[in-house]
Amino acid sequence: MLPCLRHAASVPPRRICIRAFSGADFQRILSQTLDPIAQSTPVETSPQPSPSIQHEVEIPPSDDPLLHYLTSCIMRRGRRARASRTTSKVLLYLHTLTRAPPLPIFRKAIEMASPAVRVVNNKTGAKVIPTPLPLSEKQRTRYAVEWILAASDSKPGITLEERLARELIAVVKGKSSALDKKEAVHRTAMVNRGNIRATRM
């Protein structure tokens, strides 16, 4: 026996597993072989519409007493409808700048800027005695609204509603001149608190 045949006889035979293809597999292989361009071309899918983001805005009641009072303070020459629109735009600016319900911010600003007392000058002969007096809730609100409206003139913005909204946010942040006026009044009242008894006597 030749050496090459002897070597071939000594090598054990390999087992080859042959899988029988079904008709569906044959059609799939045939389509991949005959139409490679169709397989490589991506299938265009229609884009899914992105869900729209909706921001909920809490609409305050129209008969809110604090908003009604602000409208009365803003009103000029009896134009209440115009003042009401300005108040509504103030609330809209508050929501736009803070992305929060505007009415709680407005109430918080009025509460923070409201003084507890006022100082009046009582003249006794040639002497003027500064005397602190307590304020009612309506008087406190009036002082707060007047101070905030006066301080809003220095804020950036073309319209009154934009300046007023920025001033209300500044009051809540503690960076307003209305708070400085309140602190000055309280400081003067604290210094002259001894004049209350002297005036009564």
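Rules behind the numbers
- Residues numbered from 1 in each chain as written.
- Predicted model: local features only at pLDDT ≥ 70, side-chain atom pairs only at ≥ 80, totals over all residues.
- Heavy atoms only, no water.
- UniProt positions renumbered as here; feature names shortened; annotations may be inferred.
- Helix = DSSP H or I, 4+ residues; strand = E, 2+ residues; numbered from the N terminus.
- Buried < 20%, exposed > 50% of the residue type's maximum accessible area, 1.4 Å probe, protein only.
- Areas by Shrake-Rupley, 256 points an atom, 1.4 Å probe, with all protein chains shown as cover.
- Expected span 1.5 Å × (residues − 1).
- Arc of directions from axis to C-beta.
- Contact = heavy atoms within 4.5 Å.
- Polar contact = N/O pair within 3.5 Å; in protein donor to acceptor, adjacent residues only side chain to side chain.
- Axes fitted to C-alpha atoms, helices over the stretch in contact; angles between N-to-C directions.
- Parallel < 35°, antiparallel > 145°, perpendicular 65-115°, else oblique.
- Left-handed = near helix turned anticlockwise from the far one by under 90°.
- Nonpolar A, V, L, I, M, F, W, Y, C, P; charged D, E, K, R; others polar.
- Patch = residues over 30% accessible without salt bridge, like charges linked within 9 Å, V, L, I, M, F, W, Y side chains within 5 Å.
- Salt bridge = Lys/Arg side-chain N within 4 Å of Asp/Glu carboxyl O.
- Lys, Arg positive; Asp, Glu negative; His and termini not counted.
- Charge placed at Lys NZ, Arg CZ, Asp CG, Glu CD.

Per an unreviewed UniProt entry, the protein chain is named Small ribosomal subunit protein uS7 domain-containing protein, and its organism is Amanita thiersii Skay4041. Quoted verbatim from the Sequence similarities (unreviewed entry) field of UniProt, the annotation for the protein chain is "Belongs to the universal ribosomal protein uS7 family."

**Q** What's the story with the overall build of the protein chain in this structure? I'm lost.
**A** Counting secondary structure elements, the protein chain contains 10 helices and 2 strands. Among the 201 residues that make up the protein chain, the fraction classed as buried is 28%. Counting only carbon and sulfur atoms, one obtains 57% of the accessible surface of the protein chain, whose full area is about 15,100 Å².

**Q** Would you explain helix H9 (residues 177–191) in this entry?
**A** Taking 1.5 Å per residue, 15 residues should reach 21 Å; H9 reaches 21 Å between its end C-alpha atoms and fits that length. Among the residues making up H9, those that are buried are Ala 178, Leu 179, Lys 182 and Ala 189. Down the axis of H9, the buried side of the element spans an arc of 100°, and every buried residue falls inside it. Along H9, exposed side chains directed more than 90 degrees from the buried face belong to Asp 180, Arg 187 and Val 191. Buried residues in H9 make contact with helix H6 (102–113), strand S1 (117–124), strand S2 (127–134), helix H7 (137–151) and helix H8 (160–173). Two or three places before Ala 178, at the opening of H9, Ser 176 has a side-chain oxygen 3.2 Å from that residue's backbone nitrogen.

**Q** So what exactly am I meant to see when it comes to the packing of helix H4 (residues 65–74) against helix H5 (residues 80–98) here?
**A** The relative placement of two packed helices is expressed as an angle between their axes plus a distance between the axes. In the contact formed by H4 and H5, the axes pass within 9 Å of each other and the chain directions differ by 120°. In terms of axis orientation, H4 runs oblique to H5. For the crossing formed where H4 meets H5, the hand is right-handed. Along the contact surface, H4 presents Leu 67, His 68, Leu 70, Thr 71, Ser 72 and Ile 74, while H5 presents Arg 80, Ala 83, Ser 84, Thr 86, Thr 87 and Leu 91. Grouping the amino acids of the contact of H4 with H5 by side-chain chemistry returns 5 nonpolar, 6 polar and 1 charged.

**Q** What should I look at first to understand the side chain of Ser 176 in this one?
**A** As for its position among the elements, Ser 176 is in the loop between H8 and H9. In this view, Ser 176 contacts Ala 151, Glu 167, Ala 170 and Val 171; residues no more than four positions away in its chain are not counted.

**Q** Before we go on, may I ask you to explain a positive patch on the surface in this structure?
**A** Where like charges cluster on the molecular surface, the positive patch consists of Arg 77, Arg 79, Arg 82, Arg 85 and Lys 89. Assignment of secondary structure puts Arg 77 in the loop between H4 and H5.

**Q** Explain the environment of Thr 188 to me, please; I cannot follow it from the model alone.
**A** Mapped onto the elements, Thr 188 comes out in helix H9. The class of Thr 188 is partly exposed, set by a relative accessible area of 35%. Spatially, the C-alpha atoms of Thr 188 and Pro 132 are 8.1 Å apart, while their sequence positions differ by 56 residues. A polar side-chain atom of Thr 188 sits 2.9 Å from the main-chain carbonyl oxygen of Ala 184.

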